[in-house]
Amino acid sequence: MTTPSDTISTFLSDAAGLLGPKGFSQDPEDLTAWLTDWRGRYSGKAVALASPASTQEVADLVKLCARHQVPIVPQGGNSGMAGGATPDDSGTAIILSLRRMNAIRALDADGAQAVCEAGVILQVFHEAADAAGLRFPLTLGGKGSATIGGLISTNAGGTQVLRHGTMRAQVVGIEAVLADGQVFDGLSALKKDNRGFDLKQMLIGSEGTLGIVTAATLKLQPAPRGRVTAWVGLPSIADARALLRRVDRAIGEPLEGFEVVPAHCLDSVLALLPDARAPLSARHEWNALIECAVFDNDEAALRERLENELAAAAEDGLIEDAMIAANERQIEELWTLRDSISAAERALGPAMQHDISVPVEKMPEFILSASEKIEHEFHGTIAAAFGHLGDGNVHFHVLAPKGAEPGIWEDGPGKTISARVHDLVTQWGGSISAEHGIGQMKVDELGRLGDPVALSMMRAVKRALDPDNILNPGKLVPPENVQKTA
């Protein structure tokens, strides 16, 4: 998309007048931090950074962009994993940051819901819910920077999906600005509403390509009175899956998290964090982090149930060792090990990260099969899978051979490896994106591997709501000229 220089000048002048110095900047120093994604994989250019302070300002700005045909790249905490919030290198787009829209408009403790603006940081929302005796049951490693709008736009998951579902399950209402500047007011939290399509669900996970989420009504849950958390050493990923089934049967509803961590990932974290220590005395090929929430007053009883189940599993040869955290400090230390995996592997050098899912019951077999194939076909690589075993979603990372040059390897052999991983996932009936979105990283792969009917429907919706393609162009929705596989 090309924009004549006189049109750009007029747009920049009008936008600056609309938003003022706090809300609009062309200063390269203000833009630099937001032109590259968190992983450092994608960098782009932008004509300006827009930071509106209200939904009305967003709407007025979008109308201005539509009039001058200026592309808009919405950005939350810039902590995405698929390059979905990074502009391209044309330099024609603006970055639309909603970080100034960070108000919790209402928190209804009796109704167990809250209305949050898109720029609210997840950790801040957790703290507000906690102060009201409630909680928001979605968390992830980037909770200190991830925003509510970004989490909705990518339909984020996290470590509590096993029991509570993805962000989609937490959203009961949405406010969004459409490509023509109209405001969709769907914040009303009706439990039953059959007035046609559920439009908020269409916006969730759309990565800013159909509308810009400015606020949402979110469900809250009763706050647990405590938690019982265990770290378990296992001989195999198949044993981890068997343990999950066993603990789920024994514990039931209180079981909220079951994360798997292979030895290689734990080793990487221990090397990165100087004060970290291994939870168990011996090294185990696989580890599981299990968390149960306490909702009654008897934490001791839940601890005993988990202890008994782990002891029985050890007697049956299913697990090799286990420890249950004695206090909140130990619990946080265990979660720090899990949440630091991505940073630790990034410190090792280049890697291709794949956020994939396959049917839950097939995940152990997939991990073993795919890891063996990738390491055999691409000499010197290391395949490491970790994450949310309970919902069939793991992060399947392939680390580059020693000596691989960052940037060069990812754009060469790395792309071939990712295509191979995605082929394998598709063969196993899975998805190439489980919780991080498509962004620009996987848009071509979605076009190559996606169902033609589904892709046609996506393109039709995009054309209908954003006919001029100004909302986050080049993300999520594959162009029609992507070559399909045979």
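Residues numbered from 1 in each chain as written. Predicted model: local features only at pLDDT ≥ 70, side-chain atom pairs only at ≥ 80, totals over all residues. Heavy atoms only, no water.

1. Some words on the packing of aromatic side chains
Then, number 1: Overall, the coordinates contain three aromatic pairs when judged by the stated rule.
Then, number 2: Relative to Phe396, the ring of Phe366 lies with its centre 6.0 Å away and its plane at 55 degrees, an arrangement referred to as tilted. Placement of Phe366 in helix H14 (residues 363–377) and of Phe396 in strand E18 (residues 393–399) is noted, with a sequence separation of 30 residues between them.
Then, number 3: On the basis of relative accessible area, Phe366 is assigned to the buried category, the value being 1%.
Then, number 4: Ring plane angle 80 degrees and centroid distance 5.6 Å describe the contact between Phe366 and Trp428, whose orientation is recorded as edge-to-face. (Phe/Tyr/Trp six-rings, centres within 6.5 Å; stacked < 30°, edge-to-face > 60°. Helix = DSSP H or I, 4+ residues; strand = E, 2+ residues; numbered from the N terminus. Buried < 20%, exposed > 50% of the residue type's maximum accessible area, 1.4 Å probe, protein only.)

2. Here's the deal with the nonpolar core
Then, number 1: Counting 48 residues, the largest nonpolar core has Leu243, Ile290, Leu306, Leu310, Phe366 and Phe396 as the members making the most contacts within it.
Then, number 2: The dominant element in this core, judged by the number of residues it contributes, is helix H9 (residues 237–251), at six residues.
Then, number 3: When near neighbours in sequence (up to four residues on either side) are disregarded, Leu310 contacts Ala230, Val232, Leu243, Ile290, Ile319, Ala322 and Ile324.
Then, number 4: Among the nonpolar cores identified, the runner-up in size contains 27 residues, and Leu12, Leu19, Val70 and Ile94 belong to it. (Core = buried A, V, L, I, M, F, W, Y, C linked by side-chain atoms within 4.5 Å. Contact = heavy atoms within 4.5 Å.)

3. Concerning the pattern of salt bridges
Then, number 1: Per the stated rule, a full pass over the model turns up 21 salt bridges.
Then, number 2: One continuous salt-bridge network, built from bridges that share partners, spans Arg227, Glu291, Glu328 and Glu332. (Salt bridge = Lys/Arg side-chain N within 4 Å of Asp/Glu carboxyl O.)

4. Here's the deal with the sheet that holds strand E16 (residues 351–357)
Then, number 1: Reading across from one edge, E15-E12-E14-E13-E17-E18-E16 is the order of the seven strands in this open sheet, with antiparallel pairing throughout. Taken across any chain shown, the strands that pair with only one partner, and hence form the sheet edges, are strand E15 (321–324) and E16. Shown here is a sheet whose adjacent strand axes are inclined to one another by a mean of 15 degrees, direction ignored.
Then, number 2: In this sheet, E18 lies alongside strand E17 (residues 382–388) in antiparallel orientation, the contact comprising seven bridges. The residue of E18 that forms the bridge with His388 is Asn393.
Then, number 3: Contacts from H9 reach strand E12 (226–234), strand E13 (255–262) and strand E14 (286–294), with the element oriented near 170 degrees to E13.
Then, number 4: Strands E16 and E18 of the sheet are contacted by helix H16 (residues 413–427), whose axis makes an angle of about 15 degrees with E16. (Pairing = 2+ DSSP bridges. Axes fitted to C-alpha atoms, helices over the stretch in contact; angles between N-to-C directions.)

5. With respect to the pairing of E18
Then, number 1: In terms of burial, E18 is a largely internal element, seven of the seven residues being buried.
Then, number 2: Alternating positions in E18 separate into two faces, Asn393, His395, His397 and Leu399 on one and Val394, Phe396 and Val398 on the other, with burial throughout.
Then, number 3: Sheet topology note: the E16/E18 ladder contains seven bridges and is antiparallel. Bridge pairing links Ala351 to Leu399 in E18.
Then, number 4: Connecting E17 to the next strand, E18, in antiparallel fashion are four residues, including Gly392 with a positive phi near 70 degrees.

6. Points about the sheet that holds strand E1 (residues 24–25)
Then, number 1: Ordered by their spatial adjacency, four strands build an open sheet running E1-E2-E4-E3, and the pairing between neighbours is mixed. Of all the strands in the sheet, the pair left with one neighbour each is E1 and strand E3 (72–75).
Then, number 2: Together, strand E2 (48–50), E3 and strand E4 (94–97) form the strand contacts of helix H3 (residues 55–68), whose direction differs from that of E4 by roughly 165 degrees.

7. Notes on unusual backbone geometry
Then, number 1: A positive phi angle, close to 55 degrees, is found at Asn78, a residue other than glycine.
Then, number 2: Following the sequence through the fold, Asn78 ends up in the loop between E3 and E4.
Then, number 3: In this structure, Asn155 is a non-glycine residue whose phi angle is positive, near 50 degrees.
Then, number 4: Summarising the element assignment, Asn155 is placed in the loop between helix H5 (148–154) and helix H6 (161–164).

8. Quick word on the side chain of His126
Then, number 1: Tracing the sequence through the fold places His126 in helix H4 (residues 122–131).
Then, number 2: The class of His126 is buried, set by a relative accessible area of 17%.
Then, number 3: Discounting chain neighbours no more than four positions away, the residues touching His126 are Phe136, Leu138, Thr139 and Lys143.

9. A word on a negative patch on the surface
Then, number 1: Among the surface-exposed residues, Asp296, Asp298, Glu304 and Glu307 lie close enough to one another that they form a single negatively charged patch.
Then, number 2: Within the secondary structure, Glu307 sits in helix H11 (residues 299–315).
Then, number 3: Overall, Glu307 belongs to the partly exposed group, its relative accessible area being 39%. (Patch = residues over 30% accessible without salt bridge, like charges linked within 9 Å, V, L, I, M, F, W, Y side chains within 5 Å. Areas by Shrake-Rupley, 256 points an atom, 1.4 Å probe, with all protein chains shown as cover. Lys, Arg positive; Asp, Glu negative; His and termini not counted. Charge placed at Lys NZ, Arg CZ, Asp CG, Glu CD.)

10. A word on a nonpolar patch on the surface
Then, number 1: Together, Phe197, Leu199 and Met202 make up an exposed nonpolar region whose accessible area comes to about 330 Å².
Then, number 2: Position of Met202 relative to the elements: it lies in helix H8 (residues 199–203).
Then, number 3: Residue Met202 is classed as partly exposed on the basis of its relative accessible area of 31%.

11. A word on the side chain of His354
Then, number 1: Take His354: it is sitting in strand E16.
Then, number 2: A relative accessible area of 2% means that His354 is categorised as buried.

12. Focus on H16
Then, number 1: For H16, built from 15 residues, the straight-helix expectation of 21 Å at 1.5 Å per residue is met to within 8% by its first-to-last C-alpha distance of 21 Å.
Then, number 2: Contacts from the buried residues of H16 go to E16, H14, E18, helix H15 (408–411) and helix H17 (443–449).
Then, number 3: Positioned one or two residues after H16, Gly429 has a phi angle of 75 degrees, which is positive. (Expected span 1.5 Å × (residues − 1).)

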